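# Structural characterization, general
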Amino acid sequence: MPAMPGFDERDRTLARLLENNRAWAERINTEHPGFFEKLARQQAPEVLWIGCSDSRVPANEIIGVMPGEVFVHRNVANQVMHVDFNCLAVMQYAVEALRVRHIIVCGHYGCGGVKAALRRHELGLLDNWLFSIGEFRRKHSAIIAAAGKEAETDALCELNVIEQVHNVCNTSILQQAWRRGQDLAVHGWIYGINDGHLHDLAVTVTGPEDMDETFTAAFSVPRPAHRR
Ligand code: CO
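## Digging into the overall build of the chain
When helices and strands are tallied, the chain shows 11 helices and five strands. Counting only C-alpha atoms and orienting by the principal axes, one finds that the chain spans roughly 60 × 50 × 35 Å. Out of the 228 residues belonging to the chain, those deemed buried represent 42%. Taking contacts inside the chain between residues at least 6 apart in sequence as the whole, the part at least 24 apart equals 65%. Carbon and sulfur atoms make up 54% of the accessible area of the chain, which totals about 12,900 Å². When the 23 positive and 28 negative side-chain charges of the chain are each reduced to one mean point, those points stand 2 Å apart.

## Overview of the coordination of the cobalt ion
Think of it this way: four donors in a tetrahedron around the metal ideally sit 109.5 degrees apart, and six in an octahedron ideally sit 90 or 180 degrees apart. Coordination sphere of the cobalt ion, protein contribution only: C52 (SG), H108 (NE2) and C111 (SG), at 2.0 to 2.3 Å. The motif formed by the donor residues of the cobalt ion, counted along the single chain, is C-x55-H-x2-C. For H108, a relative accessible area of 1% translates into the label buried.

## Observations regarding the environment of I133
Looking at the element boundaries, I133 is found in helix α7 (residues 131-139). Along the backbone, I133 and V114 are 19 residues apart, and their C-alpha atoms lie at a distance of 6.8 Å. If we skip the residues at most four places from it in the chain, I133 touches A77, Q79, G113, V114, A117, L156 and N160.

## A word on the pairing of strand β4 (residues 185-191)
Burial runs high along β4: six of the seven residues are buried. Bridge count between strand β3 (residues 102-108) and β4: seven bridges; the pairing is parallel. Bridge pairing in β4 links V105 to G188. Both β4 and strand β5 (residues 198-200) contribute to a ladder of three bridges, which runs antiparallel. Within β5, the residue paired with I190 across the bridge is H199.

Rules used in this analysis
Residues numbered from 1 in each chain as written. Predicted model: local features only at pLDDT ≥ 70, side-chain atom pairs only at ≥ 80, totals over all residues. Heavy atoms only, no water. Helix = DSSP H or I, 4+ residues; strand = E, 2+ residues; numbered from the N terminus. Buried < 20%, exposed > 50% of the residue type's maximum accessible area, 1.4 Å probe, protein only. Contact = heavy atoms within 4.5 Å. Areas by Shrake-Rupley, 256 points an atom, 1.4 Å probe, with all protein chains shown as cover. Lys, Arg positive; Asp, Glu negative; His and termini not counted. Charge placed at Lys NZ, Arg CZ, Asp CG, Glu CD. Donors = N, O, S within 2.8 Å, 3.2 Å for Na, K, Ca; no water. Pairing = 2+ DSSP bridges.

Here you go:
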């Protein structure tokens, strides 16, 4: 029986991934003897990363950390929604069980989800998922207009990160953690897929008392702030 068209190619792709995996595990074990045995007993990451699903923004690689160092949640356009039990469950586990010390919301320039919301593309379910970015577009229309046509997507990419940092801070998970006196900071970062560089958007919040001043300042500077 002839093989299905394209089957061999698919097969080769998967075989390559599995081969890569064996080589990677071997290399790690050579460089760090006992690495996996030690990690199998416990994870103690200090950072929760909330990022975009985009294949060009892999959390561990771009911050140069090994398995075990960052707890990761990714979705299209790094959204933090108060009705998304997936994201909230990750956050709750990270804050209350793992007791991470930092939550980083990381967006990226040229984000397809942000672009879609800006251009009002009709993409089916994704329109619902990206609904709030359309709202940010309206809310911050003056900043986006000032960025100019060329840079409006990147301006909205930054504003989206800042709004998601705001959402993280407003969850009962964070509010309760801070009330307990837990040492926990929330940050907004953005990544340039053009040059591989991360930028801090200067919206770090370490407690509810920081929120007003931080977000008022963040929404009153021209955007994008870090584009080349
Ligand atoms: Co994206």
